[in-house]
Amino acid sequence: MAKHDLIGGSIWDEYSQKVQDLMNSPRNMGQITEEEAKERGGKLIVADFGAESCGDAVRLYWLVDEKTDIIMDAKFKSFGCGTAIASSDTMAELCIGKTVDEAVKITNIDVEKAMRDDPDTPAVPPQKMHCSVMAYDVIKAAAASYKGVDPDHFEDEIIVCECARISLGTIRDVIRMNDLKTVEEITQYTKAGAFCKSCIKPGGHEKREYYLVDILAETRAQMEAEKLKAIADAKISGNDSDLAFEELTVVGQLKAVEAVIDAEIRPMLMMDGGNMEILDIKKNDKGIIDIYIRYLGACSGCASGAGGTLYAIESVLQQNLSQNIRVLPI
Amino acid sequence: MRVYLDNNATTMVDPEAFELMKPFYCEKYGNPNSLHRFGSETHPALRRAMNQLYTALNARDKDDIIVTSCATESNNWVIKGVFFDHMLNKEKDHIIISSVEHPATSAACEFLKQFGIRVSHIPVDENGLLNPDDLRKLIDDKTALVSVMWANNETGTIFPIKELAAIAHENGALFHTDATQTVGKIKIDVQDVNVDFMSFSAHKFHGPKGIGGLYIKNSQPLTSLLHGGEHMGGRRSGTLDVAGIVGMAQALENSNKLIEFENLHVRRLRDKLEDALLEIPEISVVGDRAHRLPNTILAAVKGVEGEAMLWDLNQAGIAASTGSACASETLESNPIMEAIGADKELAHTALRLSLSRFTTEEEIDYAIVHIKKAVERLRAISSTFAYTPQGHISGL
């Protein structure tokens, strides 16, 4: 919460002048009839998206030159608030002169940016970003109709953040690849959730099928489950050499410590007539793995056993196995 | 021309009330709790104002009318106060409210759920009306409080408070009504309806903003929410807003005096506007006029999204409101619309027009012209509405 947010205000004050002008006088509002299409020598495409019951609906008319696939003209009709009317009008304007394939690439971000008075100030407040989202969907429907394919042909992924057009797959991948732990991190990496914020968690101004909090929780849970499964598989197969020291069983840890001591410590101790044995391994409340040892032979009673020798043993074990190791001579 | 048809949101301050408030800003500005003359010279006005409030609501000496900041505070105080006094020890754990309560009541109840409180909702029908038998079905011996608004802010529907209060009392529950939309519009007699608590807010009846009240029958115990002073007899701490109390009391007295006018002049203008709206094809109005506040219309305009309508009316200088959530921070359907069983189309095409005694015939004539223009323009843009070749208008 910031000072600016404390008193609220009319969202209309946040509309750009372009948006306000288009709300009052849309340039491309209207329809194209079959007769008109025939006269002008183009193919008429009519596409609908949304519904009155959802609060937003748009109908897009395209007149397409079938030889070049160029959209000769575009008109719209809209059931929606003023920003929906302005966004639909801008969307229609952006379509004109483009090929159908080029038009499919127009996104809600393109529409919103085209309605800005200056490049750095958003044309609409965040909660109105969804109005421009319809532009993308109705264009897709029109293109599908023209090409005789299913609209999903242009969208093979589930879109979680409509404003930034970030897919479910992308969000999951980014969480995994970057080990993300918070929604804020997801937004930093992808822009998902940065605009209208409806996709962050339930209770925003628009209901969503997927929310970032849930995707994060599910993906983290999957990552954790996969990690546990890997450990279990390694234990079952006996091939646990790739596991982190902390993830080993006590027996496994004992074997690992013995292996390091045999390789790097015991030969040096034996050169001086000494030796050591491992008594126990325990993990304390703070996550430190305490290794209890007893010196044998010449090492027993040696002053260095509580100083230099002890530090050397601990250091070698930490370097080879885990920084969380502490060695305690008994 | 500027036409204000959003009086259920807030109202213009009564000029007479405003004149009475003025001296308490720069002349008689002493703290009424101070011992010196600056403080004490405000007391006559405070006493007069409190007498006006008691008289206007027919409260008795042993009742309390506590001045609060608004009805939101009053509603919260009742819900949470009853929780502390009657529910925290788990003797009772149940509150019943209507399904169309203002969030000041419903959200306060939701808040209490985390402490194990059960909350039940009395449904309303498609006209926004409530059947007292539904309260009988919900109430049980664990019900501590029944809270039902006197009239709904969106539909204007008036609820049978007297009957509901009687049912609550028969079952050992307290009864609260949020009378925010009712006070000043229809005659209030708290003895007749026998409520235990009643909330009201000055700015809904041409008083100033930021001041309201809570009527408490027989000085019923109610744990204070604000501590740290002995103001209002120790029931509600905070330095008294002398000007606000004076303004609220005078505004209420004047509104009460003009209730006949409200029910004749305002109702006639409302009906004229409503009749004109109903001449437009495919416009419907929620609730019949007999069970509605005399100043309120909630219309559904097929094919026209609510905020787009507000925008066009605003361009013409007309202030209205909408049941469509699109004009607010949330895009979810309006809960009142859902509660009355309206389909989602209605929720997105709702237009609320609310008059006051300051609304003139000329303003209504102007509004009729511009509402018709807006409907025509927006239906021409609409993708869900079209003129058929026969000229008949229909939804698509």
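The residue numbering used here restarts from 1 in each chain and proceeds along that chain's sequence as written. The lettering of chains begins at A and the numbering of ligands begins at 1, in the order of writing. For this predicted model, a pLDDT threshold of at least 70 governs which residues receive local features, and a threshold of 80 or more governs which side-chain atom pairs are given and counted, while totals over whole chains, interfaces and linings are taken from all residues. Values shown for side chains rest on all heavy atoms present in the structure; no hydrogens or waters enter the calculation.

(A) Seen up close, the overall build of chain A. Runs of E in the DSSP output that reach at least two residues are strands. Runs of H or I that reach at least four are helices, and both are numbered from the N terminus. Broken down by element type, chain A carries 11 helices and 8 strands. Over its C-alpha trace chain A gives a radius of gyration of 33 Å, far above what one expects of a compact globule, namely 20 Å for 330 residues. Going through the 330 residues of chain A one by one, you find that 46% of them count as buried. When contacts within chain A are restricted to residue pairs at least 6 apart in sequence, long-range pairs at least 24 apart make up 57% of them. Reported accessibility uses the Shrake-Rupley method at a 1.4 Å probe radius. Residues are deemed covered only where the shown protein chains occlude them. A total accessible area of about 16,900 Å² is found for chain A, and carbon and sulfur atoms account for 51% of it. Chain A carries 37 positive and 55 negative side-chain charges, and their two centres are separated by 1 Å. Each radius of gyration is computed over the set of C-alpha atoms, and the globule rule expresses the reference value as 2.2 Å times the number of residues to the power 0.38. Buried residues are those whose accessible area, probed at 1.4 Å on protein chains only, stays under 20% of the maximum for their type, while exposed residues exceed 50% and partly exposed ones sit between those limits. By definition, residues are in contact when any of their heavy atoms lie within 4.5 Å. For the purpose of charge, His is not counted, nor are the chain termini; Lys and Arg are scored as positive and Asp and Glu as negative. A charge is said to be at NZ when it belongs to Lys, at CZ for Arg, at CG for Asp and at CD for Glu.

(B) Quick look at the state of the cysteines. All names here are of chain A. Note on terminology: pairs of cysteine sulfur atoms within 2.5 Å are recorded as disulfides. Throughout the structure, instances matching the rule amount to 0 disulfides over all chains. Distance from the sulfur of Cys299, which forms no disulfide, to the nearest cysteine sulfur (Cys302) is 6.4 Å. Judged by its relative accessible area of 11%, Cys299 is buried.

(C) Helix 15 (residues 361–381) of chain B, seen in detail. Helices are assigned an expected span. That span is 1.5 Å times one less than the residue count. Here helix 15 of chain B is 21 residues long and its end C-alpha atoms lie 30 Å apart, about the 30 Å a rise of 1.5 Å per residue gives. The complete set of buried residues in helix 15 of chain B reads Glu363(B), Ile364(B), Ala367(B), Ile368(B), His370(B), Ile371(B), Ala374(B), Val375(B), Leu378(B), Arg379(B) and Ile381(B).

(D) Quick peek at the interface of chain A and chain B. Between chain A and chain B, the contact holds 30 residues from the first and 28 residues from the second. By buried area we mean how much accessible surface two parts lose on assembly, using a 1.4 Å probe and totalling the loss over both. Carbon and sulfur atoms make up 56% of the surface buried where chain A meets chain B, a total of about 2,500 Å² over both sides. For this document, the term salt bridge refers to a Lys or Arg side-chain nitrogen within 4 Å of an Asp or Glu carboxyl oxygen. Taken together, chain A and chain B are joined by 0 salt bridges. Nitrogen and oxygen atoms within 3.5 Å of one another constitute a polar contact, given that in protein one can donate a hydrogen and the other can accept it, and given that sequence-neighbouring residues count only through two side-chain atoms. Across the contact surface, chain A and chain B share 11 residue pairs in polar contact (both at pLDDT 80 or more). Of all elements in the fold, only helix 1 (17–24), strand 2 (56–65), strand 3 (70–79) and helix 3 (82–95) of chain A reach the threshold of two or more residues within the side of chain A that touches chain B.

(E) Quick peek at the packing of helix 5 (residues 71–87) of chain B against helix 6 (residues 103–113) of chain B. Residue and element names in this part refer to chain B. Here the axes come from fitting lines to C-alpha atoms, over the contacting stretch only for helices, and the angles between their N-to-C directions go from 0 to 180 degrees. Across the interface, helix 5 lies against helix 6 with an axial gap of 9 Å and an inter-helix angle of 30 degrees. Judged by the inter-axis angle, helix 5 sits roughly parallel to helix 6. Crossing handedness for the pair helix 5 and helix 6: right-handed. Seen from helix 5, the contacting residues are Thr72, Asn75, Asn76, Ile79, Lys80 and Phe83; seen from helix 6, they are Ala104, Thr105, Ala108, Cys109, Phe111 and Leu112. Of the residues in the contact of helix 5 with helix 6, the class split is 7 nonpolar, 4 polar and 1 charged. Angular relationships are summarised with four words: roughly parallel below 35 degrees, roughly antiparallel beyond 145, roughly perpendicular across 65 to 115, and oblique for the angles in between. Should the near helix be turned anticlockwise from the far one by less than a right angle, the crossing is termed left-handed; should it be turned clockwise, right-handed. Under the convention adopted here, Pro, Cys and the residues Ala, Val, Leu, Ile, Met, Phe, Trp and Tyr are nonpolar, Asp, Glu, Lys and Arg are charged, and Gly plus all remaining residues are polar.

(F) Fine view of helix 8 (residues 183–190) of chain A. Residue and element names in this part refer to chain A. Among all positions in helix 8, only Val183, Ile186, Thr187 and Thr190 are buried. On an axial view of helix 8, the arc spanned by its buried residues comes to 100 degrees, and they lie on one face. Exposed residues lying more than 90 degrees from the buried face of helix 8 are Glu184 and Gln188. The positive-phi residue at the C-terminal boundary of helix 8 is Lys191, with phi of around 80 degrees. The arc in question is traced by the directions running from the helix axis to the C-beta atoms.

(G) Summary view of the nonpolar core. Grouped together as the largest cluster of nonpolar side chains are 95 residues, with contacts concentrated most on Trp62(A), Leu212(A) and Met309(B). By residue number, the principal contributor to this core is helix 6 (residues 129–147) of chain A, which donates 10 residues. To qualify as a nonpolar core, a set must consist of buried Ala, Val, Leu, Ile, Met, Phe, Trp, Tyr and Cys residues joined through side-chain atoms within 4.5 Å. In this structure, Ile96(B), Leu112(B), Ile117(B) and Leu214(B) belong to the second largest nonpolar core, which totals 87 residues.

(H) Here's a closer look at empty space enclosed by the protein. Lining residues are defined by having an atom within 4 Å of a point belonging to a cavity or pocket. Those points lie on a 1 Å grid over the protein atoms alone, cavities being sets where a 1.4 Å probe fits but cannot get out and pockets being open sets with protein on both sides within 12 Å along at least five of seven lines. Grid points are joined across faces, edges and corners, and a volume is the space filled by probe spheres set on the points. With the rule as written, the count across this model stands at 2 cavities of 30 Å³ or more. By volume, the largest cavity is sized at about 70 Å³. Lining the largest cavity are Asn7(B), Thr11(B), Gly184(B), Lys185(B), Lys204(B), Phe205(B), His206(B), Ser255(B), Glu262(B), Leu355(B), Ser356(B) and Arg357(B). Considering only residue class, the lining of the largest cavity consists of 2 nonpolar, 6 polar and 4 charged. Taken as a whole, the second largest cavity spans an internal volume of roughly 30 Å³. Lining the second largest cavity are Ser78(A), Phe79(A), Gly80(A), Ile85(A), Gly303(B), Val304(B), Glu305(B), Ala308(B) and Leu378(B). Along the lines of polarity and charge, the residues of the lining of the second largest cavity split into 5 nonpolar, 3 polar and 1 charged.

(I) Looking closely at the sheet that holds strand 3 of chain A. Residue and element names in this part refer to chain A. Judged by pairing direction, the sheet is antiparallel, and its 3 strands sit side by side in the order 1-2-3 without closing on themselves. The open sheet has two edge strands with one neighbour each: strand 1 (43–51) and strand 3. Between one strand axis and the next, the sheet turns through 15 degrees on average, direction left out of account. The sheet contact formed by strand 2 and strand 3 spans 9 bridges and is antiparallel. In the strand pairing of strand 3, Val58 is matched with Ser78. Along the sheet, helix 3 makes contact with strand 2 and strand 3, crossing strand 3 at roughly 170 degrees. Paired strands, as defined in this entry, are two strands with at least two bridges between them according to DSSP.

(J) Looking closely at the environment of Asp61(B). All names here are of chain B. Among the secondary structure elements, Asp61 is positioned in the loop between helix 4 (43–57) and strand 2 (64–68). Using a relative accessible area of 78% as the deciding quantity, one classes Asp61 as exposed. Once the C-alpha coordinates of Asp61 and Gly317 are considered, the two residues, 256 residues apart in sequence, prove to be 46 Å apart.

(K) Structural context of the pattern of salt bridges. Going through the model one piece at a time under the given rule, you end up with 40 salt bridges over all chains. Asp73(A) serves as the salt-bridge partner of Arg40(A), at 3.0 Å between the closest nitrogen and oxygen. With Arg40(A) in helix 2 (residues 34–40) and Asp73(A) in strand 3, this pair connects stretches of sequence that are 33 residues apart. Notably, a salt bridge pairs Glu361(B) with Arg268(B), separated by 2.6 Å at the nearest N-O pair. Pair noted here: Glu361(B) is in helix 15 and Arg268(B) is in helix 11 (residues 259–279), with a separation of 93 residues, a long-range link. Overall, the relative accessible area of 42% leaves Arg268(B) in the partly exposed class. One network of salt bridges, in which partners are shared, links Arg270(B), Asp271(B), Glu274(B), Asp275(B), Arg289(B) and Arg292(B).

(L) Just the sheet that holds strand 8 (residues 325–329) of chain A, in detail. Residues and elements named next belong to chain A. The mixed open sheet is built from 3 strands, whose spatial order is 6-7-8. Looking at strand neighbours, the two that pair on one side only are strand 6 (274–283) and strand 8, the edges of this open sheet. Each adjacent strand pair in this sheet contributes to an overall mean axis angle of 30 degrees, direction not counted. Both strand 7 (residues 289–297) and strand 8 contribute to a ladder of 5 bridges, which runs parallel. Counterpart to Tyr292 in the pairing with strand 8 is Leu328.

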